[in-house]
Amino acid sequence: MKRTGVLKIIHDTAFPINRLVVHPNTGFDLGFMQVKYVSKMCINTGIEEFKTGCVDVFCDVDIMLLNECGSQNLEMAQKLWEKIGMPDNALLIYNEETNHILIAC
């Protein structure tokens with residue numbers, strides 16, 4: 001599994017709930033090299049459960065790597081931010097085997 005450093009969450013009401021945006025350098029930390037990836041997003045679960053694969057998928061998610069996103073930022077929908085408890089910061093953890101990404105707060 002690969003993970004990012006701590007990312008500052010930027011939330012926006014105009015974002016769809018199934019889109020995350022990070023800077024390309026952050027995407028590289030996860031092993032992403034293209035502009036867009038499709039994954040299964042997991043939220044509100046512990047890292048141990050995520051590691052074992054015993055998690056419920058919240059939704060399919062488009063992960064966009066855009067230079068317009070500030071370094072060390074994570075952009076997401078306002079509704080998603082509210083669902084994960086309105087944190088200021090989070091980590092992204094990616095499981096390549098299952099193609100699941102966890103927003104860890």
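Shown above is the structure to which this text applies.
Below, the structure is looked at part by part. Please read all numbers here as calculations on a predicted model, not as lab measurements. (Residues numbered from 1 in each chain as written. Predicted model: local features only at pLDDT ≥ 70, side-chain atom pairs only at ≥ 80, totals over all residues. Heavy atoms only, no water.)

This next bit is on the overall build of the protein. When its secondary structure is counted, the protein shows three helices and eight strands. Helices and strands in the protein line up, N terminus first, as β-β-β-α-β-α-β-β-α-β-β. In terms of overall dimensions, the protein is globule-like: its C-alpha atoms have a radius of gyration of 12 Å, near the 13 Å expected for 105 residues. Structurally, the protein occupies a C-alpha span of about 35 × 30 × 20 Å along its principal axes. When burial is assessed residue by residue, the protein has 43% of its 105 residues classed as buried. (Helix = DSSP H or I, 4+ residues; strand = E, 2+ residues; numbered from the N terminus. Rg over C-alpha atoms; globule rule 2.2 N^0.38 Å. Buried < 20%, exposed > 50% of the residue type's maximum accessible area, 1.4 Å probe, protein only.)

Quick look at the pattern of salt bridges now. Considering all chains together, one arrives at four salt bridges under this definition. A salt bridge links Asp 62 to Lys 36, with the nearest nitrogen and oxygen atoms 3.8 Å apart. With Asp 62 in strand 5 (residues 59–65) and Lys 36 in strand 4 (residues 36–42), this residue pair connects regions lying 26 residues apart in the sequence. For Lys 36, a relative accessible area of 43% translates into the label partly exposed. Notably, a salt bridge pairs Glu 48 with Lys 51, separated by 3.8 Å at the nearest N-O pair. (Salt bridge = Lys/Arg side-chain N within 4 Å of Asp/Glu carboxyl O.)

Summed over the entire model, instances satisfying the criterion amount to two aromatic pairs. Note on Phe 32 and Tyr 37: the rings are 4.2 Å apart at their centroids and 20° apart in plane angle, and the pair reads as stacked. Judged by relative accessible area, Phe 32 falls into the buried class, the value being 4%. Through successive ring pairs, a cluster of aromatic residues spans Phe 32, Tyr 37 and Tyr 94. (Phe/Tyr/Trp six-rings, centres within 6.5 Å; stacked < 30°, edge-to-face > 60°.)

So, on to the environment of Ile 63. Relative to the helices and strands, Ile 63 resides in strand 5. Here the alpha-carbon distance between Ile 63 and Leu 30, two residues 33 residues apart in the chain, equals 11 Å. Residue contacts for Ile 63: discarding those within four places in its chain leaves Leu 20, Phe 32, Val 35, Lys 36, Tyr 37, Ser 39 and Ile 101. (Contact = heavy atoms within 4.5 Å.)

A few words now on the pairing of strand 2 (residues 7–12). Sheet topology places strand 2 next to strand 7 (residues 89–95); two bridges connect them, and they run antiparallel. In the strand pairing of strand 7, Lys 8 is matched with Asn 89. Of the pairings in the sheet, the one linking strand 2 to strand 6 (residues 73–77) comprises five bridges and is parallel in character. Counted as the bridge partner of Asp 12 is Ala 77 from strand 6. (Pairing = 2+ DSSP bridges.)

The next point concerns the nonpolar core. The biggest cluster of nonpolar side chains holds 28 residues, and the ones touching the most others in it are Leu 20, Met 41, Met 76, Leu 80, Leu 92 and Ile 103. Only strand 2, strand 3 (19–22), strand 4, strand 5, strand 6, helix 3 (78–83), strand 7 and strand 8 (100–104) provide two or more residues apiece to this core. No other element matches the five residues that strand 5 contributes to this core. With seven residues, the next largest nonpolar core counts Phe 50, Val 55, Ile 93 and Ala 104 among its residues. (Core = buried A, V, L, I, M, F, W, Y, C linked by side-chain atoms within 4.5 Å.)

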